[in-house]
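# Structural overview
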Amino acid sequence: MIRLGAALLLCGLSGFGSVQAAPAPHPHWSAGFHELSFLDPLDHQPMHAIAFYPSIAGEQSSALGGYQIDAAPNAQIAIGRFPLLMLSHGNTGTPLALHDLATSLARKGFVVVAVIHPGDNAQDHSRLGTLSNLYGRPIQISEAITATLNDPMLSPYVNAGQVGVIGYSAGGETALILSGATPDLNRLRRYCQERPDDRDACNTQGELIVDRDDLSPVADPRVRALLLMAPLSLKFGRHTLADVHVPVLLYSGDGDKLVAFDKNAAALARKLPTAPDFKTLAGAGHFVFMAPCTDEQIAAMPALCTDADGVDRKDIHRTMISEASRFFSQALGKPTRAGLRTADQ
């Protein structure tokens, strides 16, 4: 779990900023982005997501939510039917912290929908530590899938049969529930008895706030592959993972001081019914999966931007983006033109 607090307030969604030309890395496509708004299934209040997609427009860089994003707002979308990837961020975080992964995958032919979880994001912590957050996050991702498939701009270009989920930290827990895992709350209690000094996982001594007793884990059969990064997965045992049958690409740093490597990613890799493609990053910490920081970000939030000696975040991201593209292409299939009507935006 990530409790970023005030340090990430500057990263909340704050609308569009300036747009200017950026050097093109010579991809087949550039990246565009499009904002989605739909109702939170938990309370029917508006929630938001940002869809990054392949575009045939020129390369641009946009200021968005405190980040400089290599994508242009509402740029002309490329012709094709593209696999859909949902991105679930960590506790009190923002999906924009993984903007390089989202935009790079868009250039490679994926539509990546970065969901902002209501009640558990950089600007709103109201559901943190609650049962509604644990069980509600997957339901929110499912609603975002449906909203994307119904969006007038995106729906003609998304393949409903090619859906994957990217989960970072608590987003990994969300992704696992979507693929059939069932959290065991007794495992959290036992973990916190064993490691009471874990101030992140055990700030309530292993007891979640029961704010909703009408919710339960709900899987989504549309989800067919997972990319997990430093996943919070200590609530899952071998038997509660038995229904997870989708392919998994799993990344974690063995120097993670926030989400314990041994009790989360390493244990998960042993317990999944089908062995994941498990990539261990030597010496890397929890925040290595966030996009490489600018000098301004390093000054503002050094704890999130500074890696251990010998850990090259830029190189890790280059490799991970390439591996993620390969993995999802194999697990879901590549873009097609099947059933696509000619469109000219």
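Residues numbered from 1 in each chain as written. Predicted model: local features only at pLDDT ≥ 70, side-chain atom pairs only at ≥ 80, totals over all residues. Heavy atoms only, no water.

### Some details on the overall build of the chain
The number of helices and strands found in the chain is eight helices and twelve strands. Taking all 345 residues of the chain together, 57% fall into the buried category. Once local pairs closer than 6 in sequence are excluded, the contacts in the chain between residues at least 24 apart make up 78%. For the chain, the computed accessible surface area is about 13,700 Å², with 51% contributed by carbon and sulfur atoms. (Helix = DSSP H or I, 4+ residues; strand = E, 2+ residues; numbered from the N terminus. Buried < 20%, exposed > 50% of the residue type's maximum accessible area, 1.4 Å probe, protein only. Contact = heavy atoms within 4.5 Å. Areas by Shrake-Rupley, 256 points an atom, 1.4 Å probe, with all protein chains shown as cover.)

### So, the confidence of the model for the chain
Confidence along the chain averages 91 in pLDDT terms, with 90% of residues attaining 70 or more. Low pLDDT, under 50, characterises residues 1-27; the stretch is placed with 91 contacts to residues that sit more than four places away or in other chains. Across residues 341-345, where pLDDT falls below 50, the model places eight contacts with residues more than four positions away in sequence or in other chains. (pLDDT = per-residue confidence, 0-100.)

### As for the pairing of strand β3 (residues 46-55)
The buried fraction of β3 amounts to eight of the ten residues, a majority that puts the element mostly inside the structure. For strand β2 (residues 30-39) and β3, the ladder comprises ten bridges, and the chain directions are antiparallel. Considered in β3, the bridge of Leu39 is made with Pro46. Taken together, β2 and the strand that follows it, β3, pair antiparallel across an intervening segment of six residues, in which His44 is found at a positive phi of about 65°. Note that β3 and strand β8 (residues 111-116) share five bridges and pair antiparallel. Considered in β8, the bridge of Ala49 is made with Val115. (Pairing = 2+ DSSP bridges.)

### Details of the sheet that holds strand β11 (residues 248-253)
What the nine strands build is an open sheet, ordered β6-β2-β3-β8-β7-β9-β10-β11-β12; its pairing is mixed. Edge positions in the sheet fall to β6 (72-73) and β12 (277-281), since each of these pairs with one other strand and no more. Strands in contact with helix α3 (residues 170-178) are β7 (82-88), β9 (158-168) and β10 (223-229); relative to β9, the strand with the most contacts, it is inclined by about 140°. (Axes fitted to C-alpha atoms, helices over the stretch in contact; angles between N-to-C directions.)

### Concerning the pairing of β11
The buried fraction of β11 is high, at six of six residues. Side-chain alternation along β11 places Val248, Leu250 and Ser252 on one buried face and Leu249, Tyr251 and Gly253 on a second face that is also buried. In the sheet, β10 pairs with β11 via four bridges, with the strands oriented parallel. Bridging from a neighbouring strand, Leu227 pairs with Leu249 of β11.

### A look at unusual backbone geometry
Non-glycine residue Asn74 carries a positive phi angle of around 50°. According to the relative accessible area criterion, Asn74 is partly exposed, its value standing at 43%. Positive phi, close to 55°, is recorded for Gln205, a residue that is not glycine. Considering the arrangement of structural elements, one finds Gln205 in the loop between α4 (185-194) and β10. Relative accessible area serves as the criterion here: at 60%, Gln205 is assigned to the exposed category.

### Description of the packing of helix α2 (residues 131-150) against α3
Where α2 contacts α3, the two axes come as close as 9 Å, and the packing angle between them is 70°. When the axis of α2 is compared with that of α3, the two are roughly perpendicular. Where α2 abuts α3, its residues Leu134, Arg137, Pro138, Ile141 and Ser142 lie against Ala170, Gly171, Glu173, Thr174, Ile177 and Leu178. Residues belonging to the contact of α2 with α3 are distributed by class as follows: six nonpolar, three polar and two charged. (Parallel < 35°, antiparallel > 145°, perpendicular 65-115°, else oblique. Nonpolar A, V, L, I, M, F, W, Y, C, P; charged D, E, K, R; others polar.)

### Some remarks on the packing of aromatic side chains
For the coordinates displayed, the defined rule picks out seven aromatic pairs. An angle of 90° between the planes, with centres 5.5 Å apart, marks the rings of Trp29 and Phe82 as edge-to-face. In this pair, Trp29 sits in the loop between β1 (16-21) and β2 while Phe82 sits in strand β7, placing the two residues 53 residues apart along the sequence. Look at Trp29 and you get buried, because its relative accessible area is 17%. By relative accessible area, which is 0% here, Phe82 ends up buried. Where Tyr251 meets Phe289, the ring centres are 6.5 Å apart and the plane angle is 80°; that geometry is what we call edge-to-face. Of this pair, Tyr251 sits in strand β11 while Phe289 sits in the loop between β12 and α6 (295-300); the two residues are 38 residues apart in sequence, bridging distant segments of the chain. Accessibility classification places Tyr251 together with Phe289 in one group, the buried group. One aromatic cluster in this structure is built from Phe110, Phe327 and Phe328. (Phe/Tyr/Trp six-rings, centres within 6.5 Å; stacked < 30°, edge-to-face > 60°.)

### Notes on the side chain of Ser142
Mapped onto the fold, Ser142 is located in helix α2. Those residues within four positions of Ser142 in sequence are excluded, and the remaining contacts are Leu178, Asp220 and Arg222.

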